[in-house]
Amino acid sequence: MQLEGEKSGRLERCLKDLHLPTVRRCYQDEAINARRDNWDYETYLYELAVRECEDRQNKRIARLLRDSKLPLEKSLQAFDRKRLPRKLDTQLALLLRGDFLSHRENVLAFGNPGSGKTHLLCAIAQELIHQGRHIRFMPCNLLVQELLIAKRDLKLARVLKQYGKFEALIIDDIGYVQQSREEMEVLFTLLADRYERSSVMITSNLPFSKWEQIFKDPMTTAAAIDRLVHHSVILELNLSSYRLEQSRKTKEAGSVQLLQADPPEQKMDSRS
């Protein structure tokens, strides 16, 4: 039986006041299904509750992905996992569980340019966001510029607090561009602020032995490394450049197509 007009209007208002937009949108359609399939009251309520929860979860994940600033094309599905040695693949499987976030551990990925460091960390982050975790991605050069501006405007503490809301902060390509001492001081301040409070995920093409090039000072370098390594998982991507491999494969495929398109010339008959 359809709800009377007055009751229907009141129900709509109640669902709006209770912030149940999905139930409000689909309760009538689900009622039709309930009558057709002879659902009991509990099943009808269950179906509405599940629809509401699913919609809320999907919206939350969409919001977390927007807030993350991640390059979404760098997903786990797009990552060539077969390139990873067995040890790295095992580490990846453990990281995808997300326990390191709960333990406030860091993830440090080292390797040559093109080895897949950024893609791997972004892929891990996307999978964890779908589990409801809160992660932010920032290229190192943009991050230090933001911190410098905040320091100049006497807002550094506020910015650090904003980043503190994220369970993990991905700092991409630390050391890729040589920064000034002042820039590295604010970066160290960020690392010290997050120490044992939340996770940092870092990519770098420089081993620790060359990090003095980043922080300019032996004492600051040692302090930064100590804070990062104390609770950490280190990923060593000693792999060839993925981009170069793909370029080579593309060229080889093109060469094969050219050979197939141009059959060898037939020999002239000597009797002609």
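Quick notes on the rules
- Residues numbered from 1 in each chain as written.
- Predicted model: local features only at pLDDT ≥ 70, side-chain atom pairs only at ≥ 80, totals over all residues.
- Heavy atoms only, no water.
- Pairing = 2+ DSSP bridges.
- Helix = DSSP H or I, 4+ residues; strand = E, 2+ residues; numbered from the N terminus.
- Axes fitted to C-alpha atoms, helices over the stretch in contact; angles between N-to-C directions.
- Contact = heavy atoms within 4.5 Å.
- Phe/Tyr/Trp six-rings, centres within 6.5 Å; stacked < 30°, edge-to-face > 60°.
- Buried < 20%, exposed > 50% of the residue type's maximum accessible area, 1.4 Å probe, protein only.

Caption draft 1: Fine view of the sheet that holds strand S4 (residues 199-204). Here five strands make up an open sheet; going across it, the order is S2-S3-S4-S1-S5 and the pairing parallel. The outermost strands of the open sheet, each flanked by one partner alone, are strand S2 (135-139) and strand S5 (232-237). The sheet shows a mean angle of 15° between the axes of neighbouring strands, taken without regard to direction. Pairing geometry for strand S1 (residues 106-111) and S5, over six bridges, is parallel. The partner of Phe110 across the bridge, within S5, is Glu236. In the packing of helix H11 (residues 218-230) onto the sheet, contacts are made with S1, S4 and S5, and the angle to S1 comes to roughly 115°.

Caption draft 2: Geometry of the packing of aromatic side chains. Taken as a whole, this structure holds five aromatic pairs when the rule is applied. Taken together, a centroid distance of 4.9 Å and an interplanar angle of 75° make the contact between Phe110 and Phe208 edge-to-face. Taken as a pair, Phe110 in strand S1 and Phe208 in the loop between S4 and helix H10 (212-215) lie far apart in primary sequence, 98 residues in all. Between the aromatic rings of Tyr163 and Phe166, the centroid separation amounts to 6.5 Å while the plane-to-plane angle is 45°, which identifies the pairing as tilted. Given the relative accessible area of 3%, Tyr163 is considered buried. With relative accessibility at 9%, the residue Phe166 sits in the buried group.

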